[in-house]
Amino acid sequence: MRIIRYPAKTEWKQIAERPHMDVSQLNATVCQVLAEVKAHGDEAVKRYEKLFDHADLELLAVSEAEMNEAEALVSEELKEALVLAHRNIARFHEAQQFTGTKIETAKGVCCWQKSVAIEKVGLYIPGGTAPLFSTVLMLATPAKIAGCKEIVLCTPPNREKKNPAILVAARIAGVGKIFKTGGVQAIGAMAYGTESVPKVYKIFGPGNQYVMAAKQQVALYDVAIDMPAGPSEVCVIADESCNPEYVAADLLSQAEHGVDSQVILITTDAGMLQKVQEALSSQLEALPRKDIAAKTLENSKLILVANTQEAIDLSNAYAPEHLIIATSDYKDLAEKVVNAGSVFLGNFACESAGDYASGTNHTLPTHGYALAYNGVNLDSYIRKVTFQHLTADGVRSIGKAVVCMAENELLEAHANAMRLRMKDVL
């Protein structure tokens, strides 16, 4: 990891940069795959599954027999963990339910909103080197609470079969339609619809840079998306009170996601740099995904700053997906967080808790998108429809202002619509 000591503010922009790849070729590949899926449906999806995932599929849909087979393959211990996590995720998201209030903005003018679920949503669950069955719970649980009528789940096949825990998590969360497809072709299938995969109105879920690019391309014309969620990242703010073993473990927990991930430590204690480096070296050796984590650390940074105020300012400039504040003044710093996907406070709040079972959602904005996006929550699955009712008193209250404003915007038809009503009530 690169060590940066007391960087000037002019260096922060460079510090906040993420690893990049040549997106011109990436976007061209994504565009080609999407066009094929749009034109040829299931045939194209199966063709790309054979090419990319080496799976020769007869059917894309997961059968009830496959669901039952998966149930038998997952240990009781893991099932109990999934049930516990699902319960906590449900509790957290149920508390976000919207209650509209009718407001009389002027005499005779009543306005309100009601919450309406998005009818058809698509959930993308990454597979690859780490099948993220936890993401099933994170995406499907709020979708069910919101009341989405159709929930479609796509995840990459593993030589024709899904990871059994993904299917068990889907059953626990109440997902009925599951398909064996991943990557760009899965995003295209949900965006356009195929003979097997229904078209949805909004797509959710993280993925690699190809998946992120596919989501952004289909979002231009065909479907809404949750956010541009790409490679994972964490920023840890630590002082002399932190546990360096904990900090190293938290950095490695994100470093093992993929070689395009990034981790950053910002500390106010010079001695902590050495302690964390030693802990990283020791813990890295024991990791099964050591090679991936080691590659990620090459893109990562250890930063020494003067005080915790500078640390939180630098973090806000970076806008991390995950932010861990392991300082004695974490309560004060929490109030100063402006840009972050999800924040973990104190020495015991490891990012893994939020990834799995604390109840918060782990589908979060990455790559600096936390400057403008929030993570997935219940509102992500609903629309708020606005209503208003005017009585004759309402026309008398605001009619003159409406006519005046419409006339001055040179929109005579707008003015006339109100003017006619005013003639009848005045």
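All of these numbers come straight from a predicted model, not from anything done at the bench.

Caption draft 1: Structural context of the environment of D313. Along the polypeptide, D313 turns up in helix 13 (residues 308–318). It is 39 Å that separates the C-alpha atoms of D313 and A191, two residues lying 122 residues apart in sequence.

Caption draft 2: Representation of the nonpolar core. Counting residues in each nonpolar core, the largest one holds 40 residues, and the members touching the most others are V121, L123, C148, I178 and Y381. Elements represented by at least two residues in this core include exactly helix 4 (64–73), helix 5 (76–94), strand 4 (120–124), helix 6 (133–146), strand 5 (150–155) and helix 7 (164–173). It is helix 6 that contributes the most residues to this core, eight residues altogether. One finds V33, Y48, V197 and V218 within the second-largest nonpolar core, a separate group that totals 30 residues.

Caption draft 3: Summary view of the sheet that holds strand 7 (residues 202–204). Spatial strand order, 6-5-4-7-8: five strands in an open sheet with parallel pairing. In the strand order of this sheet, the two ends are held by strand 6 (177–180) and strand 8 (224–225), each with one partner. Sheet topology note: the strand 4/strand 7 ladder contains three bridges and is parallel. Note that in strand 7 the partner of V121 across the bridge is K202. In the packing of helix 8 (residues 183–192) onto the sheet, contacts are made with strand 4, strand 5 and strand 7, and the angle to strand 4 comes to roughly 175°.

Caption draft 4: Focus on the sheet that holds strand 13 (residues 342–345). Spatial strand order, 1-11-10-9-12-13: six strands in an open sheet with parallel pairing. If you trace the sheet from one side to the other, it starts and ends with strand 1 (2–5) and strand 13, each paired once. Pairwise comparison of adjacent strand axes, ignoring direction, gives a mean angle of 15° for this sheet. The sheet contact formed by strand 9 (residues 233–238) and strand 12 (residues 322–326) spans five bridges and is parallel. Bridge pairing in strand 12 places V234 opposite H322.

Caption draft 5: A look at the packing of aromatic side chains. Counted under the stated rule, the structure contains five aromatic pairs. For the pair Y48 and F52, a centre-to-centre distance of 5.5 Å together with 15° between the ring planes defines the contact as stacked. One end of the pair, Y48, and the other, F52, are both in helix 3 (residues 42–52), four residues apart, so they sit about a helical turn from each other. A relative accessible area of 7% means that Y48 is categorised as buried. Between Y369 and Y373 the ring centres are 5.8 Å apart and the planes differ by 85°, which places this aromatic pair in the edge-to-face class. Residue classification places Y369 among the partly exposed residues on the basis of a relative accessible area of 26%.

Caption draft 6: Layout of the packing of helix 6 against helix 7. For the pair helix 6 and helix 7, interaxial distance at closest approach is 9 Å and the crossing angle is 15°. Relative to helix 7, helix 6 is oriented roughly parallel. Pair helix 6 / helix 7 crosses with right-handed handedness. Contact residues: F133, V136, L137, A140, T141 and K144 in helix 6; A165, I166, A169, A170 and A173 in helix 7. Residue composition of the contact of helix 6 with helix 7, grouped by class: nine nonpolar, one polar and one charged.

Caption draft 7: Region of interest: the pattern of salt bridges. Scanning the model with the defined rule gives 18 salt bridges in all. In this structure, the salt-bridge partner of K79 is E76, at a minimum N-O distance of 3.4 Å. Of this pair, K79 and E76 both sit in helix 5, three residues apart, which is roughly one turn of the helix. Given a relative accessible area of 14%, K79 falls into the buried group. Through salt bridges with shared partners, one network takes in E64, E71, E76, K79 and R171.

Caption draft 8: Geometry of the layout of surface pockets. Its boundaries defined by the atoms lining it, the second largest pocket holds a volume of some 170 Å³. For the second largest pocket, the lining is made up of 12 residues, of which V23, L26, Q209, M212 and Q216 are closest to its centre. Those elements that provide at least two residues to the lining of the second largest pocket are helix 2 (23–40) and helix 9 (209–218). Considering every element that reaches the lining of the second largest pocket, the biggest residue donor is helix 9, with four residues. Split into classes, the residues belonging to the lining of the second largest pocket amount to seven nonpolar, five polar and no charged.

What counts, and at which threshold
- Within every chain, residues take consecutive numbers counted from 1 along the sequence as written.
- The predicted origin of the model limits local features to residues at a pLDDT of at least 70 and limits the giving and counting of side-chain atom pairs to 80 or more, whereas totals for whole chains, interfaces and linings rest on all residues.
- Processing note: side-chain calculations cover all non-hydrogen atoms of the structure and skip hydrogens and water entirely.
- Going along the chain from the N terminus, every DSSP run of H or I of four or more residues is numbered as a helix, and every run of E of two or more is numbered as a strand.
- We call a set of buried residues a nonpolar core when its members are Ala, Val, Leu, Ile, Met, Phe, Trp, Tyr or Cys and they connect through side-chain atoms within 4.5 Å of each other.
- Three labels apply to residues, based on accessible area from a 1.4 Å probe with only protein chains included: buried if under 20% of the type maximum, exposed if over 50%, partly exposed otherwise in between.
- Two strands make a pair as long as DSSP finds a minimum of two bridges between them.
- Any pair of residues with heavy atoms lying within 4.5 Å of one another is described as a contacting pair.
- Only the stretch in contact is used when fitting a helix axis, every axis being a line fitted to C-alpha atoms; angles between N-to-C directions are given from 0 to 180 degrees.
- Geometry of aromatic contacts follows a simple scheme: Phe, Tyr and Trp rings, the Trp one being its six-membered ring, pair when their centres are within 6.5 Å, and the pair is stacked under 30 degrees between planes, edge-to-face over 60, tilted otherwise.
- Roughly parallel means an angle under 35 degrees; roughly antiparallel, over 145; roughly perpendicular, 65 to 115; everything else is oblique.
- For any pair of crossing helices, the crossing counts as left-handed if the nearer helix is rotated counterclockwise from the farther one by less than a right angle, and right-handed if it is rotated clockwise.
- By the convention adopted, Pro, Cys, Tyr, Trp, Phe, Met, Ile, Leu, Val and Ala count as nonpolar, Lys, Arg, Asp and Glu as charged, and the other residues, Gly among them, as polar.
- By definition here, a salt bridge exists when the distance from a side-chain nitrogen of Lys or Arg to a carboxyl oxygen of Asp or Glu is within 4 Å.
- As defined here, a cavity is a set of points on a 1 Å grid over the protein atoms alone where a 1.4 Å probe fits but cannot get out. A pocket is an open set with protein on both sides within 12 Å along at least five of seven lines, and residues line them when an atom is within 4 Å of a point.
- Grid points are joined across faces, edges and corners, and a volume is the space filled by probe spheres set on the points.

Keep in mind that these numbers describe shape and distance, not what the molecule does.
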